[in-house]
Amino acid sequence: MYLVQSRPRPVPGGITGLSEAVVDLSAVRDNVRTFRRRVAQDVMAVVKADAFGHGAVPVARAAVEAGATWLGVAHAAEALQLRAAGLRAPILAWLYDPAELMLLSDIDVSVSTVAELQRVARTPSVHSAGFWVHLKLDTGLHRAGSAPDQWIELTRTAAHYEALGAVTVRGIWSHLSHGDSADAMQSTRQLQLLRTGVGLAHRAGLRPSVVHLANSAGAVTLDAQDTDLVRIGAGLYGIDELGIGLRPAMRLVSKVTQVRRIRAGEGVSYGHDFVAERDTTVALVPIGYADGVPRVAVRRASVLCRGVRMPVIGRIAMDQFVVDARDLAVEPGEPVTLFGDGSAGEPTAQDWADWAGTIPHEIYCGIGSRVPRRYEEK
Ligand SMILES: *Cc1c(COP(=O)(O)O)cnc(C)c1O
């Protein structure tokens, strides 16, 4: 059974609590348009992992409004969530349990092996010409995908099933191993392997309507005019790996709940990792690692409050952390920005990623289900 579930939205009674992730859907639209202007291919909006924590359904709608023609997800259940919300665009899912295929016949599924293909071909579909599949070729990532030496057999078997009306090969695809770097050497090699794979598929009698390889960064660095789609994930959310003018879509905010003076020599938070060197004012921010604030970021992290950066002091707890307000007259209720687009001097998700030794993708995906998402348009 599929449990199609969205994140808790503002709780019954309209309570949103003290923290929220504010998602600017116009930034998502602008980012889609930036890619559409820059690249020849159509955009598949990758909204996996609840759109990197931004909320799959609102982001998918915004992306489609801005011209994305496909949606991409990792898990099959994510595809069904989009369908249940009324999204009609074609959706590709690349991770599914073959035992659940009968629930997925309205979704394009990725197929890497003959065994998977046989399983798909045996499953009844809503489409008269069978399940819609995208054959995946491993061109170097060495994760999913057909090994090159099994590709001819896979494409021939697919052509056989197509002739029987059991599947339609709608796509041929692969995924870049160095898609996040501006170095296009490996990507170019992978593109060449994919081209060879497409040629072999044609020879087997397949006529896929879409060939796709590039992710966000690859879409910019790789000259692949003969592919049809680029799969844009990070770029949708404004993770701007190549500096092409994308806009971060999410702002994470909270509110000070308590303010107090501590004396020089007094420790703050668990274990007293921080000990005040002078008398100072400390403020409590009610959001913690259960909400996605990375615990390891302490000693580097800061937040914006009253227009100034206040360092996070002492250990970040599950539900809260403390900042050093020095001698500023901060009051309970004062807004705190953990990250945003940086335009007001607040940190960015990239800053948090640097502080935590990770990538902004993980910061966004880590924002917990206790944090309500609120959508705005600018
Ligand atoms: C996540 C993912 C993408 C999107 O990559 P970005 O770098 O976030 O644009 C594309 N294709 C596949 C297979 C993915 O898993």
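This is a predicted model, so every value here is computed, not measured.

1. Quick notes on the overall build of the protein chain
Now for step 1: For the protein chain, the count of helices and strands is ten helices and 19 strands.
Now for step 2: Expressed as lengths along the three principal axes of its C-alpha atoms, the size of the protein chain is roughly 80 × 45 × 40 Å.
Now for step 3: Looking at the protein chain residue by residue over its 378 residues, the buried ones come to 54%.
Now for step 4: Accessible surface, the protein chain: about 16,700 Å² in total, of which carbon and sulfur atoms supply 51%.

2. A short note on the pattern of salt bridges
Now for step 1: The full count for this structure, using the stated rule, is 17 salt bridges.
Now for step 2: Taking the shortest distance from any N to any O, the salt bridge between R247 and D30 comes out at 2.4 Å. Of the two residues, R247 is situated in the loop between strand 9 (229-232) and strand 10 (250-255) and D30 in helix 1 (residues 25-38); the sequence distance between them amounts to 217 residues.
Now for step 3: With a shortest N-O distance of 3.2 Å, R251 and E376 are connected by a salt bridge. Taken together, the residues R251 in strand 10 and E376 in strand 19 (residues 373-376) connect sequence positions 125 residues apart.
Now for step 4: Judged by relative accessible area, R251 falls into the partly exposed class, the value being 27%.
Now for step 5: Given the relative accessible area of 18%, E376 is considered buried.

3. With respect to the sheet that holds strand 10
Now for step 1: On the basis of which strands lie adjacent, the open sheet formed by nine strands has the order 11-14-17-16-15-18-10-1-19 and mixed pairing. On the outer flanks of this sheet lie strand 11 (258-262) and strand 19, each paired with one strand and no other. Going across the sheet, the axis of each strand differs from the next one's by a mean of 35 degrees, ignoring polarity.
Now for step 2: For strand 16 (residues 308-313) and strand 17 (residues 321-326), the ladder comprises two bridges, and the chain directions are antiparallel. Counted as the bridge partner of V312 is V323 from strand 17.
Now for step 3: Those strands touched by helix 1 are strand 1 (20-24) and strand 19, and its axis lies near 40 degrees from that of strand 1.

4. Focus on the site of the ligand
Now for step 1: Neighbouring the ligand are the residues K48, F52, W94, W173, H175, N215, S216, R231, I232, G233 and A234.
Now for step 2: Between the ligand and G233 there is a distance of 2.9 Å, counted from an oxygen atom to a backbone nitrogen or oxygen.
Now for step 3: Against a free-state accessible area of 390 Å², the protein chains account for coverage of 93% of the ligand.
Now for step 4: Most atoms of the ligand, that is more than half of them, are within 2 Å of grid points of the largest pocket.

5. Details of the nonpolar core
Now for step 1: Residues V47, L82, L236, F321 and W352 are the most contacted members of the largest nonpolar core, which totals 106 residues.
Now for step 2: For this core, the element with the highest residue contribution is helix 3 (residues 56-65), accounting for six residues.
Now for step 3: Each of two domains, domain 1 (4-18 + 257-376) and domain 2 (25-237), supplies a minimum of three residues to this core.
Now for step 4: With residues up to four places along the chain from it excluded, the contact list for L236 reads V28, N31, V32, A45, V46, V47, V59 and A63.

6. Details of empty space enclosed by the protein
Now for step 1: Overall, the coordinates contain four cavities of 30 Å³ or more when judged by the stated rule.
Now for step 2: As a volume, the largest cavity reaches approximately 50 Å³.
Now for step 3: Lining the largest cavity are F35, S216, A217, V220, I239, D240, E241, L242, I244 and L246.
Now for step 4: With three residues, the single largest contributor to the lining of the largest cavity is helix 8 (residues 216-221).
Now for step 5: Tallied by class, residues from the lining of the largest cavity come to seven nonpolar, one polar and two charged.

7. Notes on the packing of helix 6 (residues 151-164) against helix 7 (residues 185-203)
Now for step 1: Between helix 6 and helix 7, whose axes approach to 9 Å, the crossing angle comes to 40 degrees. Viewed along their axes, helix 6 and helix 7 adopt a mutual orientation that is oblique. Seen from above, helix 6 lies across helix 7 with right-handed handedness. Contacts between helix 6 and helix 7 involve W151, I152 and T155 on the former and, on the latter, G197, L200 and A201.

8. What about unusual backbone geometry?
Now for step 1: Unlike most non-glycine residues, A49 shows phi in positive territory, near 50 degrees.
Now for step 2: As for its position among the elements, A49 is in helix 2 (residues 48-52).
Now for step 3: You will see that R306, though not glycine, has its phi angle at about 55 degrees, which is positive.
Now for step 4: Here R306 lies in the loop between strand 15 (302-305) and strand 16.
Now for step 5: Overall, the relative accessible area of 45% leaves R306 in the partly exposed class.

9. Observations regarding the environment of R247
Now for step 1: For R247, a relative accessible area of 29% puts it in the partly exposed group.
Now for step 2: Through-space distance from the C-alpha of R247 to that of N31 is 6.6 Å; in sequence the pair is 216 residues apart.
Now for step 3: Among residues more than four places away in sequence, those in contact with R247 are D24, S26, A27, D30, N31, Y237, G238 and K378.
Now for step 4: Only 2.4 Å separates the side chain of R247 from the side chain of D30, close enough to count as a polar contact.

10. Some words on helix 7
Now for step 1: Helix length check: helix 7, at 19 residues, gives a terminal C-alpha distance of 28 Å against a target of 27 Å (1.5 Å per residue), a fit within 8%.
Now for step 2: Along helix 7, the residues classified as buried are Q186, S187, Q190, L191, L194, G197, V198 and A201. Looking down the long axis of helix 7, one finds its buried residues gathered within 135 degrees of arc, a one-sided arrangement. Structural note: helix 7 exposes M185 and R203 on the side pointing more than 90 degrees away from its buried face.
Now for step 3: Where helix 7 is buried, its residues meet helix 6, strand 7 (167-173) and strand 8 (210-212).
Now for step 4: Where helix 7 terminates, the next one or two residues include G205, which has phi positive at roughly 105 degrees.

Reading the values: rules and limits
- Residues numbered from 1 in each chain as written.
- Predicted model: local features only at pLDDT ≥ 70, side-chain atom pairs only at ≥ 80, totals over all residues.
- Heavy atoms only, no water.
- Helix = DSSP H or I, 4+ residues; strand = E, 2+ residues; numbered from the N terminus.
- Buried < 20%, exposed > 50% of the residue type's maximum accessible area, 1.4 Å probe, protein only.
- Areas by Shrake-Rupley, 256 points an atom, 1.4 Å probe, with all protein chains shown as cover.
- Salt bridge = Lys/Arg side-chain N within 4 Å of Asp/Glu carboxyl O.
- Pairing = 2+ DSSP bridges.
- Axes fitted to C-alpha atoms, helices over the stretch in contact; angles between N-to-C directions.
- Contact = heavy atoms within 4.5 Å.
- Near = heavy atom within 4 Å.
- Polar contact = N/O pair within 3.5 Å; in protein donor to acceptor, adjacent residues only side chain to side chain.
- 1 Å grid on protein atoms, 1.4 Å probe; cavity = no way out; pocket = protein on both sides within 12 Å on 5 of 7 lines; lining within 4 Å.
- Sits in = over half its atoms within 2 Å of the grid points.
- Core = buried A, V, L, I, M, F, W, Y, C linked by side-chain atoms within 4.5 Å.
- Domains from an automatic or database assignment.
- Points joined across faces, edges and corners; volume = space filled by probe spheres on them.
- Nonpolar A, V, L, I, M, F, W, Y, C, P; charged D, E, K, R; others polar.
- Parallel < 35°, antiparallel > 145°, perpendicular 65-115°, else oblique.
- Left-handed = near helix turned anticlockwise from the far one by under 90°.
- Expected span 1.5 Å × (residues − 1).
- Arc of directions from axis to C-beta.

Keep in mind these numbers describe shape, not what the thing actually does.
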